[in-house]
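# Structure at a glance
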Amino acid sequence: MVDKKVTIIGLGLIGGSLARALKERVGITDITAINRSSRSIDAALKDRTISRGSSELNQHVYDSDIIFICTPVRRAIEYIELLKEKIKPDCILTDVGSTKSEIISYINKMDNPPLFIGGHPMAGSENTGYEAGFTHLFENAFYVLTPSKTTTDYSMNLMTGIVEKIGAIPVKIRADEHDKATGCISHVPHIIASTLVNMVRFMDSEDGKMKLLAAGGFKDITRIASSSPEMWENIVLSNKEQIGGILDFYVEILKKFKTSMENDDSQAILEFFKSAKDYRDTFSSHKRGLFTPEYDILVDIIDEPGILGEIATLLGHNKINIKNMNVLNNREFQQGCLKVTLPDPESLDVAHKVLIENGYKATCI
Ligand SMILES: NC(=O)c1ccc[n+]([C@@H]2O[C@H](COP(=O)([O-])OP(=O)(O)OC[C@H]3O[C@@H](n4cnc5c(N)ncnc54)[C@H](O)[C@@H]3O)[C@@H](O)[C@H]2O)c1
Ligand SMILES: O=C(O)C(=O)C[C@]1(C(=O)O)C=C[C@@H](O)C=C1
């Protein structure tokens, strides 16, 4: 695997994180990057993540063993057209796009399609560009692999191995299934987050009182509205049928809620919030992980230098192996919230006990 020649097209948040992870975690040394602008290429050459970079496709790309297309989703299809007759027959072409049906059916309808496997790491952020990326972005995240008609066992096994080596969890899912799921849990939520922000933008007073008062709740639910508009325009147009159906369903829920409110129907309003709370409360529960269990603790922390090290050391001294630590973006100013992921239920119990004994406010989720 380490001797594979890899190309990354689109060296932004995901492409840049992938380049770093392929180099540092998989040990791949020959990485070519293609990006629209030179800024990310320059940064990745400077920190030695890539071997070479350009804004134009070139022979290094055509000689690659694996090509990851990490541009906005609709640009990926354009690259398939540009690459199809120039790459080696056994080159694995893959993408990281947030939609899968459009690209898979494009490949499946081609007369002479290249060897293609759809990919989608279920990890990211609202930040964009190479500088926003980091090696461990994919750690413990599901990484969807969607076969096309040209996917071979060898290519699927190789991609599965790479995904595991970068710290992610491979999950094989059909394109239509993927797009329905991501439509519900990612695409429509993004539209809703942006709708909420636009609502406040239109309704706010001239002196911006609403914006000033917006506290944790509004900021939690709208963080993703700061994501790349270009990326989301591409996603929405690529998955518009699923998104259309989900939006209709969502609007019906809103209408029903509005009717309950206008009718002073306390019971229906209570049931609306209760059913949502009950379902949401099960999301992070290790009892019902679909693919692998999760054992997480939330710790309230003050944002001061050394606090993460303090918690890591405390758990380390008690022989607890930490799988992952994430500072959640859901508090403003000084307070923060740290999610510590542990490998098993025993570690979860010990970690919880140790943290509480040492004066931390910790909750198993
Ligand atoms: N951001 C996320 O949370 C996330 C998570 C998983 C998957 N994805 C998917 O990953 C892909 C990349 O998203 P990102 O978050 O890295 O975006 P990004 O904006 O950080 O990076 C995209 C990069 O592609 C480059 N680019 C755009 N058009 C190009 C073209 N025609 N030729 C060459 N380079 C081009 C841009 O200059 C940029 O460097 C998208 O398909 C997105 O759907 C995003
Ligand atoms: O911002 C984040 O936290 C994300 O993980 C972004 C997110 C998502 O909606 O979950 C965005 C699009 C991707 O396709 C995958 C991940």
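Residues numbered from 1 in each chain as written. Chains lettered and ligands numbered in written order. Predicted model: local features only at pLDDT ≥ 70, side-chain atom pairs only at ≥ 80, totals over all residues. Heavy atoms only, no water.

## Overview of the site of ligand 1
The environment of ligand 1 is formed by 25 residues, the closest being Ile 14, Thr 71, Tyr 79, Ser 98 and Gly 129. Interatomic distance of 2.9 Å between a side-chain N/O atom of Asn 35 and an oxygen atom of ligand 1. Taking Arg 36, its main chain carries an N or O atom lying 3.0 Å from a nitrogen atom of ligand 1. Protein chains bury 89% of the 830 Å² of accessible surface belonging to ligand 1 in isolation. Across the shell around ligand 1, the residue classes break down as 12 nonpolar, 11 polar and two charged. (Near = heavy atom within 4 Å. Polar contact = N/O pair within 3.5 Å; in protein donor to acceptor, adjacent residues only side chain to side chain. Areas by Shrake-Rupley, 256 points an atom, 1.4 Å probe, with all protein chains shown as cover. Nonpolar A, V, L, I, M, F, W, Y, C, P; charged D, E, K, R; others polar.)

## A closer look at the pairing of strand β4 (residues 66-69)
Taking every second residue as pointing to the same face, both faces of β4 are buried, with Ile 66 and Phe 68 on one and Ile 67 and Ile 69 on the other. Note: strand β1 (residues 5-9) against β4, four bridges, orientation parallel. Across the sheet, the residue bridging to Ile 8 is Phe 68, located in β4. As judged from the four bridges shared by β4 and strand β5 (residues 92-95), these two strands associate in the parallel manner. Looking across to β5, one finds that Ile 67 is bridged to Leu 93. (Buried < 20%, exposed > 50% of the residue type's maximum accessible area, 1.4 Å probe, protein only. Helix = DSSP H or I, 4+ residues; strand = E, 2+ residues; numbered from the N terminus. Pairing = 2+ DSSP bridges.)

## Concerning the domain arrangement of the chain
As far as domains go, the chain holds domain 1 (5-173), domain 2 (178-280) and domain 3 (295-364). Between the C-alpha centres of domain 1 and domain 2 the distance comes to 31 Å. On the domain 2 side, the residues contacting the 17 residues of domain 1 number 17 residues. Carbon and sulfur atoms supply 56% of the area that domain 1 and domain 2 bury against each other, a total of about 1400 Å² over both sides. The three residues of domain 1 that bury the most area against domain 2 are Arg 74, Ser 98 and Glu 126, which together make up 36% of that side's buried surface. Joining domain 1 to domain 2, the criterion identifies two salt bridges. Arg 36 is paired through a salt bridge with Glu 230; the nearest N and O atoms lie 3.0 Å apart. Between domain 1 and domain 2 we count nine residue pairs in polar contact (both at pLDDT 80 or more) in total. Mapped by element, the contributors of at least two residues to the side of domain 1 that touches domain 2 are α4 (73-83) and α5 (101-109). Among the elements that make up the side of domain 1 that touches domain 2, the one with the highest residue count is α4 (three residues). Tallied by class, the residues present in the side of domain 1 that touches domain 2 amount to five nonpolar, six polar and six charged. (Domains from an automatic or database assignment. Contact = heavy atoms within 4.5 Å. Buried area = accessible area lost by both parts, 1.4 Å probe. Salt bridge = Lys/Arg side-chain N within 4 Å of Asp/Glu carboxyl O.)

## A few points about helix α14 (residues 345-357)
For α14, which comprises 13 residues, the first-to-last C-alpha distance of 18 Å matches the rise-based estimate of 18 Å (1.5 Å per residue) to within 8%. By the burial criterion, the buried members of α14 are Ser 347, Leu 348, Ala 351, Val 354 and Leu 355. In an axial view of α14, the angular spread of the buried residues amounts to 140°, which keeps them on one side of the axis. Counted as exposed and oriented over 90 degrees from the buried face of α14: Glu 346, Asp 349, Lys 353 and Glu 357. Backbone geometry just downstream of α14 places Gly 359 in the positive-phi region, at approximately 85°. (Expected span 1.5 Å × (residues − 1). Arc of directions from axis to C-beta.)

## Focus on the site of ligand 2
Taken together, Ser 98, His 120, Ala 123, Gly 124, Ser 125, Glu 126, Ser 186, His 190, Arg 223, Ile 224 and Trp 232 make up the full set of residues near ligand 2. A distance of 2.6 Å separates an oxygen atom of ligand 2 from a polar side-chain atom of Ser 98. Between ligand 2 and the protein, one listed contact pairs an oxygen atom with a side-chain N or O atom of Ser 186 at 2.6 Å. Partitioned by chemical class, the residues of the shell around ligand 2 number three nonpolar, six polar and two charged. Looking at which domains feed residues into the shell around ligand 2, each of domain 1 (5-173) and domain 2 (178-280) gives three or more.

## Things to note about the environment of His 60
Mapping His 60 onto the fold places it in helix α3 (residues 59-62). His 60 gets classed as partly exposed once you look at its relative accessible area, which sits at 34%. Along the chain, His 60 and Ala 33 lie 27 residues apart, while their C-alpha atoms are 9.5 Å from each other. Apart from the residues lying within four places of it in its own chain, the contact partners of His 60 are Lys 5, Thr 7, Thr 32 and Arg 52.

## So, the pattern of salt bridges
Applying the stated criterion across every chain yields a total of 20 salt bridges. Across the pair Glu 131 and Arg 39 runs a salt bridge, and its minimum N-O distance is 3.4 Å. Of the two residues, Glu 131 is situated in the loop between β6 (116-121) and β7 (142-147) and Arg 39 in helix α2 (residues 38-46); the sequence distance between them amounts to 92 residues. When its relative accessible area of 59% is taken as the criterion, Arg 39 is described as exposed. Note that Lys 209 is salt-bridged to Asp 207, the shortest N-O span being 2.7 Å. Classification of Asp 207 by relative accessible area gives exposed; the value is 52%. The structure contains a network of salt bridges with shared partners spanning Lys 5, Asp 30 and Arg 52.

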